[in-house]
Amino acid sequence: MLPGIYEFSWDQGHIIFLGIFYSVVIVVATTVVIALFRALRRSSSARDSELARWHADFEDLAPKDRRCRHELSGEVASRTCENFFSCRECMQHQAFVALAEAAPRPPADAEVPPMVAGFALPADRLYHRGHTWVRPEEDGTLTVGLDDLGMHLMGKPDRLELPEPGTRLVTNGTAWRATKNGVTVRVMSPIEGEVLAVGGESDDWTLKLRPEGEKADTRHLLCVAEARPWMLREVERLHVALATEDVGAALADGGVPVDDLASAIPPQQFDEVCGMVFLEP
Amino acid sequence: MDSSLILRGVRRCSTKRFLAWLAPWAVMAGIGVFAIGLCLVKGLNQTNMDNRFAFGLWIFLDLAVIALGAGAFFTGFLLYILRRDELRAVINSAVVLGFICYSGAVLVLAVDVGQPLRAWFTFWHPNVHSMLTEVTFCITVYLTVLAIEYLPIVLKNRQLRKVPSFLVFEGELHKLMPVLAAVGTFLSFFHQGSLGGLYGVLQGRPFAFRDGFAIWPTTFFLFILSAIATGPAFVLLTTSIVSKISGARLVRHGVYELLAKISGWLLIIYVGLKSVDTIVWLNQTAPRSGINPSQFYAWQPFGTWVLIVEIVLLGLVPALIFMSPARRRSLPWLLTGSVLACLGVALNRLVMTIQTLAVPTLKFEPFMTYWPSWQEVATFLFVIAYGVILYSLSFRYLRLFPQEREMQKY
């Protein structure tokens, strides 16, 4: 095993066999030590921990839950996002944007209907794939809230864990946690920034943020024109998720969604639906 | 009761039903623990092994599960090194199966050595000229690698993933997985081979002895080939059984087809080389040792039928099933092929272990038969029960099949 131990000798057999063995052991041990070292270094950073959580969640999403925004808007036939919905770093996104800017623009619709499949999509804000929105305010701050589908689902939560003012949020990290009917979900932060204030029960917003840097970088968020096909897809996913085995997926051809979806969804499915909607598999 | 531990979007049976499923396996494991205790406390006189049958049921079990467990390293090799991304659908399950197979084998070896407290001697005073030493070293290190590969799967459990540092560590380990897959491939390649080489170098046992290449007898290469050929078939078999029992679709049919195709091509190469090896052995190697090869098959139950069943029924037939695109489209055919392929590798290991020792090599030696004691059987069954329990727990609480959620209705 080692020089000095009974029966060890410096012959060809010992040198080759033990040389290979020790090399393998060193490779395995080094791999684990590197992983541990990097993990310890990153764990001390709240930002890195939040990103690690999102990356793990994203990898567990099914490909059909990771459709690219440009597929949803019809710019490309099929494209699965591999970039953790971080369009800022996506080269393809930049190419699509450049292409769209170069193309002749169709005349703007006289009036964009503010509702999609019964869910409101006001045009004054930008939307995040985790069902939150951001509204840039005139004073340079950002207002963040749950979108209409998210509000219908969580309604008035039984428990809300909001960040303290002064907390720095990370894009795609945890913004707050909400518990409804025994199901807890983490709501993703649509943008990075420092929490300035939290909303009350009567407010239609949840957080006010001071953006990182002079101006908020919102390239990864969906404008209302992009949010419309996305919301349609989300409603379709919801219908499929709630389909019963005997009927199958069916789309309602009238009416509006009930205010309190949580009460309308069977308890055994509510957890599953919340995970699907808030991207927490 | 345990719903908070179960992943979102997957269907699992009630806790009560799950416990009812585990109960008989737990009883089986309990009896096995008692038998293992007897062997450890009273010694190997609890077994029917003796000076002639130093290898018995346990070594057969070791060889068989290590061959079937090759699905772990081979799937990892195909996924991380050859970039067959379709196999991501079964890699977690393959790792768990590999861990179960190898840990079960090491556990039985610990009982089999008779004095487990001295097991460290093999590491401290290794005989570097022995194939068994290489097997011991490789299996130990590879089991460690499998445990490291298993860890990220465990850390992504629904409750454990709430601890931020666990997910960070999981992410970092995941980045380094190709390194571990390459190391696993290297280790597995050599210990699978050395297990075969172990028999091929037995000059005093003409039934097993083979010529070879450099220091490696042909059995070295045949063991590697048979293991990597049946590993994917075993992954296919277990996945379809789990799918049937759980009532959930776990992977797309294309994944089954790919596993079968890989298994089929490797099996047909194996069957070809095994046939050539057998012909050379019967006509050259064995006669050179002064033994008429017909004597190898003169005693029942080890007649020539064993050879034919092993090569044709459990080798060629599953290979042809897997190689046929039409058969691959049918799950019953795939299941049939997988069962035959897995039985084939098990029969091969049984023959190499038991028949090698049973066949007399000297004129005055009798043909000896061996039948395991109940303690040996109970220890064997313990490994089976341990495997079922660990796999059941893993399937219930961990994400073994990433496509499962997708295969559900939304």
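Here, residues in each chain are numbered from 1, in the same order as that chain's written sequence. Here every chain gets a letter starting at A, and every ligand a number starting at 1, in the order they are written. Owing to the predicted nature of the model, reporting of local features is limited to residues with pLDDT of at least 70; listing and counting of side-chain atom pairs is limited to 80 or more, with chain, interface and lining totals taken over all residues. Only hydrogens and water are set aside when side-chain values are computed; all heavy atoms of the structure are taken into account.

## Some details on the overall build of chain B
Secondary structure elements are taken from DSSP: a helix is a run of H or I of four residues or more, a strand is a run of E of two residues or more, and numbering for both begins at the N terminus. What chain B contains, in helices and strands, is 15 helices and two strands. A compact globule built from 410 residues would reach a C-alpha radius of gyration of about 22 Å, and chain B, at 22 Å, matches this within 12%. Viewed in the frame of its principal axes, chain B has a C-alpha envelope of about 70 × 55 × 40 Å. Residue exposure (1.4 Å probe, protein chains only): buried if accessible area is under 20% of the type maximum, exposed if over 50%, otherwise partly exposed. Buried positions account for 59% of the 410 residues belonging to chain B. The criterion used for residue contact is that any of the two residues' heavy atoms lie within 4.5 Å. Looking at chain B alone, contacts between residues at least 24 apart form 79% of all its contacts between residues at least 6 apart. The method behind every accessible area is Shrake-Rupley, applied with a 1.4 Å probe, and residues are considered shielded solely by the protein chains displayed. Approximately 16,900 Å² of chain B is accessible, and the part contributed by carbon and sulfur atoms is 71%. Using C-alpha atoms as the atom set, the radius of gyration is obtained and then compared with a globule rule of 2.2 Å times the number of residues to the power 0.38.

## Digging into the pairing of strand E5 (residues 142-146) of chain A
All names here are of chain A. Within E5, five of the five residues are buried, which leaves it mostly tucked inside the rest of the structure. Sheet topology places strand E4 (residues 132-136) next to E5; five bridges connect them, and they run antiparallel. Within the sheet, the bridge partner assigned to valine 134 lies in E5 and is valine 144. Hairpin connection from E4 to E5: five residues lie between these consecutive antiparallel strands, with glycine 140 at a positive phi of about 90°. Only when DSSP finds a minimum of two bridges between them are two strands counted as paired. Pairing of E5 with strand E11 (residues 207-211) involves three bridges; the strand directions are antiparallel. Within the sheet, the bridge partner assigned to valine 144 lies in E11 and is leucine 207.

## So, the sheet that holds strand E8 (residues 174-180) of chain A
Hydrogen bonds between backbone groups are what pair the strands of a sheet, and the pairing can be parallel or antiparallel. Residue and element names in this part refer to chain A. Reading across the sheet, the three strands line up as E6-E8-E9 and stay open at both edges, with antiparallel pairing between neighbours. The outermost strands of the open sheet, each flanked by one partner alone, are strand E6 (159-161) and strand E9 (183-188). When strand polarity is set aside, the average angle formed by the axes of neighbouring strands in this sheet is 20°. An axis is simply a line fitted to the C-alpha atoms; with a helix, the fit covers only the stretch in contact. Between two such axes, the angle follows the N-to-C directions and lies from 0 to 180 degrees.

## Notes on the interface of chain A and chain B
Taken together, the contact pairs 51 residues of chain A with 40 residues of chain B. With both chains or domains summed, chain A and chain B bury close to 4,100 Å², and 65% of this area falls on carbon and sulfur atoms. The term salt bridge refers to a pairing of a side-chain nitrogen on Lys or Arg with a carboxyl oxygen on Asp or Glu at a separation within 4 Å. Note that A:Asp271 is salt-bridged to B:Arg8, the shortest N-O span being 2.9 Å. Polar contacts here mean pairs of N or O atoms no more than 3.5 Å apart (in protein, one a potential hydrogen donor and the other a potential acceptor; neighbouring residues in sequence count only if both atoms are side-chain atoms). On the surface where chain A and chain B come into contact, there are 11 residue pairs in polar contact (both at pLDDT 80 or more). Secondary-structure elements contributing two or more residues to the side of chain A that touches chain B are helix H1 (12-43), helix H2 (46-60), E9, helix H6 (224-242) and helix H8 (267-277) of chain A. At 19 residues, the largest contribution of residues to the side of chain A that touches chain B is made by H1(A). Once two parts are joined, some of their accessible surface, as seen by a 1.4 Å probe, is lost; buried area is that loss totalled over both.

## Observations concerning the sheet that holds strand E10 (residues 193-198) of chain A
All names here are of chain A. The strand order E3-E4-E5-E11-E10-E7 describes an open sheet built from six strands, whose pairing is antiparallel. The sheet terminates laterally at strand E3 (126-128) and strand E7 (168-169), the two strands that pair on one side only. Looking at chain direction, E10 and E11 are connected through five bridges and run antiparallel. Considered in E11, the bridge of valine 195 is made with leucine 209.

## A closer look at the packing of helix H6 (residues 131-155) of chain B against helix H7 (residues 164-175) of chain B
Residue and element names in this part refer to chain B. Where H6 meets H7, the closest approach of the two axes is 9 Å, and the angle between their N-to-C directions is 140°. Between H6 and H7, the angle is such that the two are oblique. For the crossing formed where H6 meets H7, the hand is left-handed. Every residue of H7 that contacts H6 at Ile148, Leu151, Pro152 and Leu155 is listed here: Phe166, Leu167, Phe169, Glu170 and Leu173. Looking at side-chain class alone, the contact of H6 with H7 contains eight nonpolar, no polar and one charged residues. Working rule for angles: under 35 degrees goes down as roughly parallel, over 145 as roughly antiparallel, 65 to 115 as roughly perpendicular, anything else as oblique. For any pair of crossing helices, the crossing counts as left-handed if the nearer helix is rotated counterclockwise from the farther one by less than a right angle, and right-handed if it is rotated clockwise. Here the term charged refers only to Asp, Glu, Lys and Arg, the term nonpolar to Ala, Val, Leu, Ile, Met, Phe, Trp, Tyr, Cys and Pro, and the term polar to all other amino acids, Gly among them.

## Remarks on the state of the cysteines
A pair of sulfur atoms, both from cysteines and within 2.5 Å, is called a disulfide here. Counted by the stated rule, this structure contains zero disulfides over all chains. Take B:Cys342: it sits in no disulfide, and the sulfur closest to it among the cysteines is that of B:Cys101, at 10.0 Å.

## A word on the pairing of E9(A)
Residue and element names in this part refer to chain A. Of all six residues that make up E9, five are buried, and the element is covered over most of its length. Here E8 runs beside E9; their pairing, made up of six bridges, is antiparallel. In the sheet register, threonine 174 faces E9, and the bridge partner there is methionine 188.

## A few points about the domain arrangement of chain A
Boundary definitions for the domains trace back to an automatic or database domain assignment. Entries for chain A in the domain assignment read domain 1 (1-44) and domain 2 (59-233). Using only C-alpha atoms to locate each centre, domain 1 of chain A and domain 2 of chain A end up separated by 49 Å.

## Notes on the pattern of salt bridges
When their charged atoms lie close together, side chains carrying opposite charge are able to pair. Under the counting rule described, the total for this entry stands at 41 salt bridges over all chains. Notably, a salt bridge pairs A:Arg42 with B:Glu172, separated by 2.8 Å at the nearest N-O pair. Here B:Glu172 lies in helix H7 and A:Arg42 lies in helix H1, a pairing that spans two chains. Overall, the relative accessible area of 1% leaves B:Glu172 in the buried class. One network of salt bridges, with partners in common, ties together A:Arg38, A:Arg42, A:Arg47, A:Asp48, B:Glu172 and B:Lys175.

## Some remarks on a nonpolar patch on the surface
The grouping of A:Leu2, B:Trp120, B:Phe121 and B:Trp124 at the surface amounts to a nonpolar patch, some 390 Å² of accessible area in total. The residue B:Phe121 is located in helix H5 (residues 121-124) in this model. Excluding any residue in a salt bridge, patches collect residues exceeding 30% relative accessible area, merging like charges within 9 Å and nonpolar Val, Leu, Ile, Met, Phe, Trp and Tyr side chains within 5 Å.

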